[in-house]
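If you want the building blocks of each chain, they are given just below.
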Amino acid sequence: MHLNNIPFGTTDWSAIAPTEHAGERGKALWRTQHFGDIRVRMVEYTPGYLADHWCVKGHILLCLEGELHTELDDGRVFTLKPGVSYQVADNAEPHRSYTDVGAKLFIVD
């Protein structure tokens, strides 16, 4: 990732209208900003959310609230609680996430 040609700025995430993305169960609400090729999101998953696909996009993800479980296609499962993050490269390890209680995340990809 190269951060080029991005002037200093601030983001009031509450001022960005969310877009709704249905999961296999539940939904995700994305508040999204783009800075060149970098996508930055504040994402909230409803309780009971399960992703409807295996993702191969690379991310840096920080859990802010709630609890998120991320399953890799080899069967490993990682649990993120507030203050815990994960990182994965593009096309490295397919993954999908779910939550029983809901979660709020900050994601850069």
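See above for the structure.
Residues numbered from 1 in each chain as written. Predicted model: local features only at pLDDT ≥ 70, side-chain atom pairs only at ≥ 80, totals over all residues. Heavy atoms only, no water.

Undergrad: Would you mind going over the pattern of salt bridges with me for this structure?
TA: If the charged atoms of two oppositely charged side chains come close together, the side chains can form a pair. A complete count under the given rule lists eight salt bridges for this structure. Of the charged contacts in the structure, one is a salt bridge between K27 and E20, with a shortest N-O distance of 3.4 Å. Salt-bridge contacts for R76 lead to E93; the nearest nitrogen and oxygen are separated by 2.7 Å. One end of the pair, R76, is in the loop between β5 (68-72) and β6 (77-80); the other, E93, is in the loop between β7 (85-88) and β8 (95-98), and 17 residues separate them in sequence. A residue is classified by how much of its surface remains accessible, and E93, at 32% relative accessible area, is partly exposed. Through salt bridges with shared partners, one network takes in R39, R41 and D109. (Salt bridge = Lys/Arg side-chain N within 4 Å of Asp/Glu carboxyl O. Helix = DSSP H or I, 4+ residues; strand = E, 2+ residues; numbered from the N terminus. Buried < 20%, exposed > 50% of the residue type's maximum accessible area, 1.4 Å probe, protein only.)

Undergrad: What is the right way to look at the side chain of H69 in this model?
TA: Summarising the element assignment, H69 is placed in strand β5. Exposure remark for H69: the relative accessible area of 11% places this residue in the buried category. A polar atom in the side chain of H69 sits 2.9 Å from the side chain of T79. With residues near it in sequence (within four places) discarded, H69 still touches V77, F78, T79, R96, S97, Y98, T99 and D100. (Polar contact = N/O pair within 3.5 Å; in protein donor to acceptor, adjacent residues only side chain to side chain. Contact = heavy atoms within 4.5 Å.)

Undergrad: Explanation requested: the packing of aromatic side chains in the structure shown.
TA: Each aromatic ring pair is described using two quantities: the centre-to-centre distance and the angle formed by the ring planes. Counted according to the given criterion, the structure contains two aromatic pairs. When the centroid spacing of 6.0 Å and the interplanar angle of 85° are considered together, the rings of W13 and F106 count as edge-to-face. A residue pair is termed long-range when its members are at least 10 positions apart, and W13 in the segment before β1 (19-22) and F106 in strand β9 (residues 103-108) qualify at 93 residues. Stacked on the ring of W30, the Lys or Arg R41 has its end atom at 4.3 Å from the ring centre. (Phe/Tyr/Trp six-rings, centres within 6.5 Å; stacked < 30°, edge-to-face > 60°. Lys NZ or Arg CZ within 6 Å of the ring centre and 35° of its normal.)

Undergrad: Even after reading the chapter, I still don't get the sheet that holds strand β2 (residues 27-35), so can you show me in this structure?
TA: Strand order across the open sheet formed by six strands is β1-β2-β3-β9-β4-β7, with antiparallel pairing between neighbours. Each edge of the open sheet is held by one strand with a lone partner, namely β1 and β7. Sheet twist, expressed as the mean angle between neighbouring strand axes with direction ignored, is 25°. Pairing of β2 with strand β3 (residues 38-45) involves eight bridges; the strand directions are antiparallel. When the sheet's bridge partners are listed, T32 is paired in β3 with R41. (Pairing = 2+ DSSP bridges. Axes fitted to C-alpha atoms, helices over the stretch in contact; angles between N-to-C directions.)

Undergrad: I'm lost on the pairing of β6 in this one. Help?
TA: Here is the key point about a regular strand: its side chains alternate between the two faces of the sheet. Pairing geometry for β5 and β6, over four bridges, is antiparallel. Across the sheet, residue L68 finds its bridge partner in β6, namely L80.

Undergrad: What am I meant to see in the nonpolar core here?
TA: Nonpolar side chains tend toward joint burial in soluble globular proteins. Residues Y45, L61, L68, L80 and L105 are the most contacted members of the largest nonpolar core, which totals 14 residues. For this core, the elements supplying multiple residues, two or more each, are β3, β4 (59-66), β7 and β9. The leading source of residues in this core is β9, at three residues. Ignoring sequence-local partners within four residues, the contact set of L68 consists of Y45, L61, F78, T79, L80, S97, Y98, T99, A103 and L105. Of all hydrophobic cores here, the second largest spans six residues; its members include I38, V40, M42 and V108. (Core = buried A, V, L, I, M, F, W, Y, C linked by side-chain atoms within 4.5 Å.)

Interpretation in functional terms is not warranted from these geometric data alone.
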